[in-house]
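Now for the letters of each chain:
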Amino acid sequence: MYRFLLSRQWVIVTLVAVALIPTMIELGIWQMHRYEMRTARNQLVSDALTARPVPVERLTSPGHTVTSAERYRTVTATGTFDTSREVVVRRRVNSDDEVGFHVLTPFVLADGRVLLVNRGWIPANGVQTAFPKIPAPPAGRTTVTGRLMPDETTAASGIKDIKGLPDRQIMLINSAEQARRLGNGVLGGYIQQTAPAAKGGTPQQISDPGKEDAPLNYAYMIQWWLFAAGVPVGWWVLVRRERRDRAEAAAAETSAAAEPATV
């Protein structure tokens, strides 16, 4: 009755079905791990953003590497902006994907150490080889608030650190490189300034990080496992249909053979 399953065609179909089931199960497991990883990252970011602000000196120091648990922590610092040694970071976009610069200004603390402050985004008006006009930060002693960020690297950001750029322009924000330029005790990492707000809205302060779409991975996980469960069901439906078609064809042949010959 099911001898047709030994045919070349059905052997191939069965082998493909057998191979698809564990493959789809594995893809579902991979999506589950992605869901768990993204959920954990979202929780880490949420915890950091809602944590109580602390002085920046509690979390970082010269040579310190900002950890994933410290990233996005809200910190405060009191000092003065040093606009004479300000630089801009090339090829950065705002929330509307317009290309411009990020403004990186050294912030000198009371003990002489320096905190790198990303004050936000400005448009790249005119040629990018010229140093842009930047609105001045608050003068004198100021308290700033911002999100603590780790040093940028090519490996993490995908941004190539191009050499030979125009004066006072950089590609990556890296405290170790800036320490060599500034010659001061530069705190590890940098902050994205959130307060005080810039006059006139320029530079545009960087918005809070968005959440990763973890539920999408959860949906993909369920989808792959449903596919895996559907493979044997689909295989069995095809087998039953083939058996029915063969039985009907055999019955038709028997009926034709049993009819009397026409005289």
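One can find the structure itself at the top, above this paragraph.
Predicted model only: the values in this text are computed from it and were never measured.

A. Representation of the overall build of the chain in the model. Counting secondary structure elements, the chain contains four helices and eight strands. In the chain, the order of α-helices and β-strands from amino to carboxyl end is α-β-β-β-β-β-β-α-β-α-β-α. Taking 2.2 N^0.38 as the reference for a compact globule, 263 residues should give roughly 18 Å; the C-alpha atoms of the chain span a radius of gyration of 32 Å, well beyond that estimate. Along the first, second and third principal axes, the C-alpha atoms of the chain reach 120 × 40 × 35 Å.

B. Up close: helix H3 (residues 175-182). Those residues of H3 lying buried are Ser 175, Gln 178 and Leu 182. On an axial view of H3, the arc spanned by its buried residues comes to 60°, and they lie on one face. For H3, the N-terminal cap is Asn 174; the gap from its side-chain oxygen to the backbone nitrogen of Ala 176 is 3.1 Å. Within two residues after H3, Gly 183 carries a phi angle of roughly 70°, on the positive side.

C. Summary view of unusual backbone geometry. Cis geometry is found at the peptide bond from Ala 195 to Pro 196, where omega equals 0°. Within the fold, Pro 196 resides in the loop between strand E8 (190-195) and helix H4 (214-258). Cis geometry marks the peptide bond from Thr 202 to Pro 203; its omega dihedral reads -5°. Of note, Pro 203 is situated in the loop between E8 and H4. Unlike most non-glycine residues, Arg 91 shows phi in positive territory, near 55°. Phi is positive for Asp 97, close to 65°, though the residue is something other than glycine. Tracing the sequence through the fold places Asp 97 in the loop between strand E3 (87-93) and strand E4 (99-109). Asp 97 gets classed as exposed once you look at its relative accessible area, which sits at 62%.

D. Focus on the nonpolar core. Counting residues in each nonpolar core, the largest one holds 15 residues, and the members touching the most others are Val 75, Ala 77, Phe 107, Leu 115 and Ile 191. Take this core: its biggest share by element is three residues, from strand E2 (residues 74-81). Setting aside anything within four residues of it in sequence, one finds Leu 115 in contact with Val 56, Ala 77, Thr 105, Pro 106, Phe 107, Leu 187 and Ile 191. Ala 48, Ile 170, Ile 173 and Tyr 190 belong to the second-largest nonpolar core, a separate cluster that totals 13 residues.

E. Local environment of the environment of Lys 163. For Lys 163, the location among the structural elements is in the loop between helix H2 (154-157) and strand E7 (169-170). As a C-alpha pair, Lys 163 and Ala 69 span 94 residues in sequence and 32 Å in three-dimensional space. Of note is the side chain of Lys 163, whose polar atom sits 3.3 Å from the side chain of Asp 161.

Reading guide: rules and limits
Residues numbered from 1 in each chain as written. Predicted model: local features only at pLDDT ≥ 70, side-chain atom pairs only at ≥ 80, totals over all residues. Heavy atoms only, no water. Helix = DSSP H or I, 4+ residues; strand = E, 2+ residues; numbered from the N terminus. Rg over C-alpha atoms; globule rule 2.2 N^0.38 Å. Buried < 20%, exposed > 50% of the residue type's maximum accessible area, 1.4 Å probe, protein only. Arc of directions from axis to C-beta. Polar contact = N/O pair within 3.5 Å; in protein donor to acceptor, adjacent residues only side chain to side chain. Core = buried A, V, L, I, M, F, W, Y, C linked by side-chain atoms within 4.5 Å. Contact = heavy atoms within 4.5 Å.

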